[in-house]
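The lines below spell out each chain.
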Amino acid sequence: MGVLAATVWGSGVCYMWPTMLATASERFPCGGALLMGLMGTAGTLSIRFVLPLMGAIYDHKKIEVAGGEAAFSALPQGPELERVLGIAAQTSFRAVAVLPALLLIVFGAIWFYDRSDKARQR
């Protein structure tokens, strides 16, 4: 499952990021290198805000699933600790999975608009 998730993520980076840059440069040709730099900065800033959020969700969920901070600290290495950490990891990824789903809807709407008659008349 991890390899499948990494493949989907890699495909998104491989195809969607260059497509987004190309679309921005096509729609706003006067933006030039400044626009490309701003798009890269926006991507970097999004990571800056999302990763700490994921870490907070992960930390909170592992304590909750273990039954408290003392119970988590008392967990020995083994299957129970792996189960607790696995649930916490799934929860943190599930929480931020909403963001790519929203982007899929937004990019889909842009794609449909570009193919509509209204866009052809521009």
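Residues numbered from 1 in each chain as written. Predicted model: local features only at pLDDT ≥ 70, side-chain atom pairs only at ≥ 80, totals over all residues. Heavy atoms only, no water.

(A) Region of the structure containing the overall build of the protein chain. Looking only at helices and strands, the protein chain features 6 helices and 0 strands. Along the protein chain, helices (α) and strands (β) appear in the sequence α-α-α-α-α-α when read from the amino end. Rg of the C-alpha trace for the protein chain: 20 Å, well past the compact-globule value of 14 Å for 122 residues, more than 25% over. Here the C-alpha coordinates of the protein chain stretch approximately 65 × 30 × 20 Å along the principal axes. Here the protein chain, with 122 residues, has 13% of them falling under the buried criterion. Of the contacts made within the protein chain by residues no fewer than 6 positions apart, 40% connect residues no fewer than 24 positions apart. For the protein chain, the exposed area adds up to about 9,300 Å²; of that, 71% sits on carbon and sulfur atoms. (Helix = DSSP H or I, 4+ residues; strand = E, 2+ residues; numbered from the N terminus. Rg over C-alpha atoms; globule rule 2.2 N^0.38 Å. Buried < 20%, exposed > 50% of the residue type's maximum accessible area, 1.4 Å probe, protein only. Contact = heavy atoms within 4.5 Å. Areas by Shrake-Rupley, 256 points an atom, 1.4 Å probe, with all protein chains shown as cover.)

(B) Just the environment of Phe112, in detail. Relative to the assigned elements, Phe112 resides in helix α5 (residues 98–114). Judged by its relative accessible area of 58%, Phe112 falls in the exposed class. In this structure, the C-alpha to C-alpha distance between Phe112 and Pro18, residues 94 residues apart in sequence, is 19 Å.

(C) Up close: the pattern of salt bridges. Going through the model one piece at a time under the given rule, you end up with 3 salt bridges. Close ionic contact of Lys62 with Asp59 constitutes a salt bridge, the shortest N to O distance being 3.5 Å. Of the two residues, Lys62 and Asp59 are both situated in helix α2 (residues 32–66); the distance of 3 residues between them amounts to about one turn of the helix. A relative accessible area of 17% means that Lys62 is categorised as buried. With a relative accessible area of 37%, Asp59 lands in the partly exposed category. Across the salt bridge formed by Glu80 and Arg83, the nearest N and O atoms sit 2.8 Å from each other. With Glu80 and Arg83 both in helix α4 (residues 79–96) and 3 residues apart, the pair spans about one turn of that helix. With a relative accessible area of 37%, Glu80 lands in the partly exposed category. What makes Arg83 partly exposed here is its relative accessible area of 40%. (Salt bridge = Lys/Arg side-chain N within 4 Å of Asp/Glu carboxyl O.)

(D) Summary view of the environment of Thr44. When you line up the elements, Thr44 lands in helix α2. Between the C-alpha atoms of Thr44 and Leu85, which are 41 residues apart in sequence, the distance is 27 Å.

(E) Fine view of the layout of surface pockets. In this structure, the largest pocket occupies an estimated 1,700 Å³ of space. Lining the largest pocket are 32 residues, with Trp9, Val13, Val96, Pro100 and Leu103 positioned closest to its centre. When residues in the lining of the largest pocket are grouped by element, the largest group, 10 residues, is from helix α1 (residues 2–27). Of the residues belonging to the lining of the largest pocket, the class tally is 25 nonpolar, 6 polar and 1 charged. Taken as a whole, the second largest pocket holds about 480 Å³ of empty space. The wall of the second largest pocket is formed by 17 residues, among which Thr19, Thr23, Phe107, Ile110 and Asp114 lie closest to the centre. Counting residues per element, the ones that place at least two in the lining of the second largest pocket are α1 and α5. (1 Å grid on protein atoms, 1.4 Å probe; cavity = no way out; pocket = protein on both sides within 12 Å on 5 of 7 lines; lining within 4 Å. Points joined across faces, edges and corners; volume = space filled by probe spheres on them. Nonpolar A, V, L, I, M, F, W, Y, C, P; charged D, E, K, R; others polar.)

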